[in-house]
Amino acid sequence: MNPQTAPVLLLIASNVFMTFAWYGHLKFKTSPLWIAVIASWCIAFIEYWFAVPANRIGSAVYSAAELKTIQEVITLLVFAGFSVLYLKEPLSWNHLIGFVLIASGAAFIFHGR
């Protein structure tokens, strides 16, 4: 896997785990908070095994600002899918427009690369 593709794939995996760590417990609101925190921390630990290598490998071809931008765009895409598919919360037009504006801003980071 090349250093341009590997960080993207690793960041996708990282964001899937992190989204579950941050928001997965919302389906289990009757569970004690301390259980949610410990479960989330355990999931986040796995997430780091994807995020750290993604940034280490990616730094060979991307700047830190570019890596962070890639991560943020992936976060939005993963969260949008998670929200609709797992939490069963629909996205409205204002969410979609906001995501498009953020993605547009991200495009400026890579402009002139």
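Residues numbered from 1 in each chain as written. Predicted model: local features only at pLDDT ≥ 70, side-chain atom pairs only at ≥ 80, totals over all residues. Heavy atoms only, no water.

## Some points on the packing of helix α1 (residues 6-23) against helix α2 (residues 33-58)
In plain terms, the rule: Fitted lines through C-alpha atoms give the axes, limited to the stretch in contact for helices. The angle between two N-to-C directions lies from 0 to 180 degrees. In this text, helices come from DSSP runs of H or I with a minimum length of four residues, and strands from runs of E with a minimum of two, each type numbered from the N-terminal end. Angular relationships are summarised with four words: roughly parallel below 35 degrees, roughly antiparallel beyond 145, roughly perpendicular across 65 to 115, and oblique for the angles in between. Take the far helix as the reference: if the near one is turned anticlockwise from it by less than a right angle, the crossing is left-handed, and if turned clockwise, right-handed. Contact criterion: two residues are considered in contact whenever any of their non-hydrogen atoms come within 4.5 Å of each other. Residues are grouped as follows: nonpolar covers Ala, Val, Leu, Ile, Met, Phe, Trp, Tyr, Cys and Pro; charged covers Asp, Glu, Lys and Arg; every other residue, Gly included, is treated as polar.
Where α1 meets α2, the axes come as close as 8 Å, and the angle between the chain directions of the two elements is 165°. By the angle between their axes, α1 is roughly antiparallel relative to α2. Of the two possible hands of crossing, α1 and α2 adopt the one that is left-handed. Touching A6, P7, L10, L11, A13, S14, F17, M18, F20 and A21 of α1 are S40, I43, A44, I46, E47, F50, A51, P53, A54, I57 and G58, all from α2. Broken down by class, the residue content of the contact of α1 with α2 amounts to 17 nonpolar, three polar and one charged.

## Comments concerning the pattern of salt bridges
To keep things clear, this is the line we draw: By salt bridge we mean one thing: a side-chain nitrogen of Lys or Arg within 4 Å of a carboxyl oxygen of Asp or Glu. A 1.4 Å probe rolled over the protein chains alone gives each residue an accessible area, and that area as a share of the maximum for its type sets the label: buried under 20%, exposed over 50%, partly exposed in between.
A full pass over the atoms with the stated rule returns one salt bridge. For K68, the salt bridge goes to E72, with nearest N and O atoms at 2.8 Å. A residue pair is termed a helical-turn pair when its members lie 3 or 4 positions apart in one helix, as K68 and E72 do in helix α3 (residues 64-85) at four residues. Relative accessible area serves as the criterion here: at 34%, E72 is assigned to the partly exposed category.

## Focus on α2
What counts, and what does not: Given the number of residues in a helix, its expected span is that number minus one, multiplied by 1.5 Å. Note on bend: the value at a residue is the angle between axes fitted to the seven residues ending there and to the seven starting there.
For α2, which comprises 26 residues, the first-to-last C-alpha distance of 36 Å matches the rise-based estimate of 38 Å (1.5 Å per residue) to within 8%. E47 marks the point of greatest bend in α2, at about 30°. Residues A36, S40, A44, E47, A51, A54 and G58 constitute the buried set of α2.

## So, the UniProt feature "transmembrane region" (unreviewed entry) in the protein chain
Operational definition: UniProt positions are given in the numbering used here, feature names are shortened, and annotations may be inferred rather than shown by experiment.
Here, UniProt's "transmembrane region" (unreviewed entry) annotation points to residues 7-25, 31-50, 70-87 and 93-110. A helix fraction of 90% and a strand fraction of 0% characterise residues 31-50, whose end C-alpha atoms lie 28 Å from each other. Helix makes up 100% of residues 93-110 and strand 0%. Its end C-alpha atoms lie 26 Å apart.

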